[in-house]
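Topology and contacts: notes
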Amino acid sequence: MALRAARRLASCSRQGRLLLPYQAQAQCNPPAAAAAAFLHSHATSFGYKQVREEEKSRLVGNVFSSVASSYDLMNDLMSVGLHRLWKDRLVSQLNPFPGMKHLDVAGGTGDVAFRVLERIKSVGHRAMQGTLTDAEEDTHIYVCDINPNMLNVGKKRAAEREHCLSWIQGDAEALSFEDGSMDGYTIAFGIRNVTHIEKALSEAYRVLKRGGRFLCLELSHVDVPVFKEIYDVYSFSVVPTMGELVAGDRQSYQYLVESIRRFPNQEKFAQMIQEAGFERVEYENLVGGVVAIHSGLKL
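Residues numbered from 1 in each chain as written. Predicted model: local features only at pLDDT ≥ 70, side-chain atom pairs only at ≥ 80, totals over all residues. Heavy atoms only, no water.

- As recorded in an unreviewed UniProt entry, the protein chain goes by 2-methoxy-6-polyprenyl-1,4-benzoquinol methylase, mitochondrial and comes from Urochloa decumbens.
- UniProt annotates the protein chain under Catalytic activity (unreviewed entry) with the comment "a 2-methoxy-6-(all-trans-polyprenyl)benzene-1,4-diol + S-adenosyl-L-methionine = a 5-methoxy-2-methyl-3-(all-trans-polyprenyl)benzene-1,4-diol + S-adenosyl-L-homocysteine + H(+)".
- Under the Pathway (unreviewed entry) heading, UniProt states for the protein chain: "Cofactor biosynthesis; ubiquinone biosynthesis." (UniProt positions renumbered as here; feature names shortened; annotations may be inferred.)

Now the structure itself:
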């Protein structure tokens with residue numbers, strides 16, 4: 001076998017071509033050609049599958065278009081309602097204030113944005129005994145999501161709150177907002193679905209003002225052995241089945257489970273946030289690491 005391989009390489013050399021290792025493998029070892037060329041072509045993960053980078057956003061878009069109408073219900077079922085408490089905790093750490101300009105990315109259904117707005121109203125009303133302050137009127141929350149179906153769900157829920165909410169279809173990796181225009185940035189259960197996490201973090205840093213706060217709520221990695229085993233069984237057996245029964249889509253929820261396992265662990269993700277330029281980076285594990293809230297400041 002080694003002799004045949006040597007002869008194939010020698011044959012390529014006699015043809016006068018100088019090949020990189022993966023090219024030599026592709027042209028002189030046909031059975032390995034497709035795999036070698038694929039790995040060289042900027043592959044990224046879609047769950048446990050390897051796909052080309054240009055395909056990932058389309059595939060993720062298909063997932064969220066499919067689950068948009070049942071997204072909030074499935075969140076309630078999968079987390080036994082705990083996602084509401086996790087989002088409350090996220091907004092509590094944000095500490096929103098009247099007059100702030102806030103950007104919530106991958107927040108199409110409005111769950112986080114509505115909480116931010118309610119917290120701001122609560123702060124303003126306590127301060128002014130129920131009167132609407134000028135600062136509160138200047139408050140604006142931008143909900144940015146790449147998927148129009150998710151945004152449509154949020155718009156329908158917005159109703160009378162629409163005057164200080166803007167719904168923007170956009171990409172976390174290439175935001176349309178000006179440099180230093182936001183007081184706060186949140187992203188909940190969304191950053192693991194972007195193709196280039198480092199680009200999304202860089203954009204978050206760019207659009208924040210000095211002193212602006214970055215907060216990310218994301219499903220993360222459980223590090224308690226026995227709990228991890230139980231969590232794995234629940235994730236890979238119960239969640240996809242639930243998705244099939246409730247949303248009629250097992251495959252999308254299989255992807256969502258796999259995408260969690262492919263996401264960097266808490267320490268690695270904290271390092272990525274730091275490398276994007278943020279300071280005072282820290283994280284808080286909830287439910288043993290099932291989810292984590294990462295935070296950082298632009299100073």
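Moving on from the model shown.
1. Quick notes on helix α9 (residues 148–158)
- Considered for burial, the residues of α9 that qualify are M150, L151, G154 and A158. Taken down its axis, α9 places every buried residue within 100° of arc, on the same side.
- For α9, the N-terminal cap is N147; the gap from its side-chain oxygen to the backbone nitrogen of N149 is 2.9 Å.
- One or two residues past the end of α9 sits A159, with phi positive at roughly 50°. (Buried < 20%, exposed > 50% of the residue type's maximum accessible area, 1.4 Å probe, protein only. Helix = DSSP H or I, 4+ residues; strand = E, 2+ residues; numbered from the N terminus. Arc of directions from axis to C-beta. Polar contact = N/O pair within 3.5 Å; in protein donor to acceptor, adjacent residues only side chain to side chain.)

2. A closer look at the pairing of strand β3 (residues 101–105)
- Extensive coverage of β3 is indicated by the burial of 4 of its 5 residues.
- Where β3 lies against strand β4 (residues 140–145), 5 bridges are found, and the strand directions are parallel. Within β4, the position partnered with K101 by the bridge is H140.
- Here β3 pairs with strand β6 (residues 182–188) via 4 bridges, running parallel. Each residue of the ladder has a partner; that of L103, found in β6, is Y185. (Pairing = 2+ DSSP bridges.)

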